Amino acid sequence: MSEWTRVCATSELLPGESTVTWDGDTPILVCNYDGDYYALEDKCSHADYELSAGSFDGQAATVECVLHGAKFDVRDGRALCAPAYAPVPRFPVKVEDGAVWTRDDR
Ligand code: FES
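- For the protein chain, an unreviewed UniProt entry supplies the name Ferredoxin, 2Fe-2S and the organism uncultured Lysobacter sp.

Here it is in structure tokens:
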């Protein structure tokens, strides 16, 4: 299990915004939905495409894969529509020292 990875300052990730960080070899998509931070593996469960290439909907708390249109709930990673059925792994997030942190805890 890895240590926490600093994502960015909280002021750099406002509600409705998303960013990508890496924990070792794991790309992590971090989203601010309504003031709360959520982290998912930045890899679509359909065909491994980068979710960050698609769009984060800060109103609906969803991210849409740009490749074939699957949607996921950023709060828990569950797939919301075809062609994805498996969830995307979710990672823990914490706010400390004015920054957002996450890690691949698998
Ligand atoms: S790779 Fe994401 S929907 Fe196909």
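Okay, back to it.
### A word on the packing of aromatic side chains
Then, in step 1: Per the counting criterion, the structure on display carries 0 aromatic pairs.
Then, in step 2: Directly above the aromatic system of Trp-101 lies the positively charged group of Lys-94, at a separation of 5.9 Å from the ring centroid.

### As for the UniProt feature "domain: Rieske" (unreviewed entry) in the protein chain
Then, in step 1: UniProt feature "domain: Rieske" (unreviewed entry): in the numbering of this structure it lies at residues 5-102.
Then, in step 2: This span, residues 5-102, is 0% helix and 45% strand, and a straight line between its end C-alpha atoms measures 5 Å.

### Section: unusual backbone geometry
Then, in step 1: The linkage connecting Ala-82 with the following residue, Pro-83, adopts the cis geometry, with an omega of 10°.
Then, in step 2: On the secondary structure map, Pro-83 appears in the loop between strand E7 (71-73) and strand E8 (90-91).
Then, in step 3: Positive phi outside glycine occurs at Asp-48, with the angle close to 65°.
Then, in step 4: Relative to the elements of secondary structure, Asp-48 occurs in the loop between strand E4 (36-41) and strand E5 (55-57).
Then, in step 5: The backbone phi angle of Ala-61 is positive, close to 60°, even though this residue is not glycine.

### Some words on the pairing of strand E1 (residues 5-9)
Then, in step 1: The buried fraction of E1 amounts to 4 of the 5 residues, a majority that puts the element mostly inside the structure.
Then, in step 2: Sheet topology places E1 next to strand E10 (residues 99-102); 4 bridges connect them, and they run antiparallel. Bridge pairing in E10 links Cys-8 to Val-100.

### Things to note about the state of the cysteines
Then, in step 1: For the coordinates displayed, the defined rule picks out 0 disulfides.
Then, in step 2: Cys-8 takes part in no disulfide bond, and the closest cysteine sulfur to it belongs to Cys-31, at a distance of 11 Å.

Cut-offs used in this document
Residues numbered from 1 in each chain as written. Predicted model: local features only at pLDDT ≥ 70, side-chain atom pairs only at ≥ 80, totals over all residues. Heavy atoms only, no water. Phe/Tyr/Trp six-rings, centres within 6.5 Å; stacked < 30°, edge-to-face > 60°. Lys NZ or Arg CZ within 6 Å of the ring centre and 35° of its normal. UniProt positions renumbered as here; feature names shortened; annotations may be inferred. Helix = DSSP H or I, 4+ residues; strand = E, 2+ residues; numbered from the N terminus. Buried < 20%, exposed > 50% of the residue type's maximum accessible area, 1.4 Å probe, protein only. Pairing = 2+ DSSP bridges. Disulfide = S-S within 2.5 Å.

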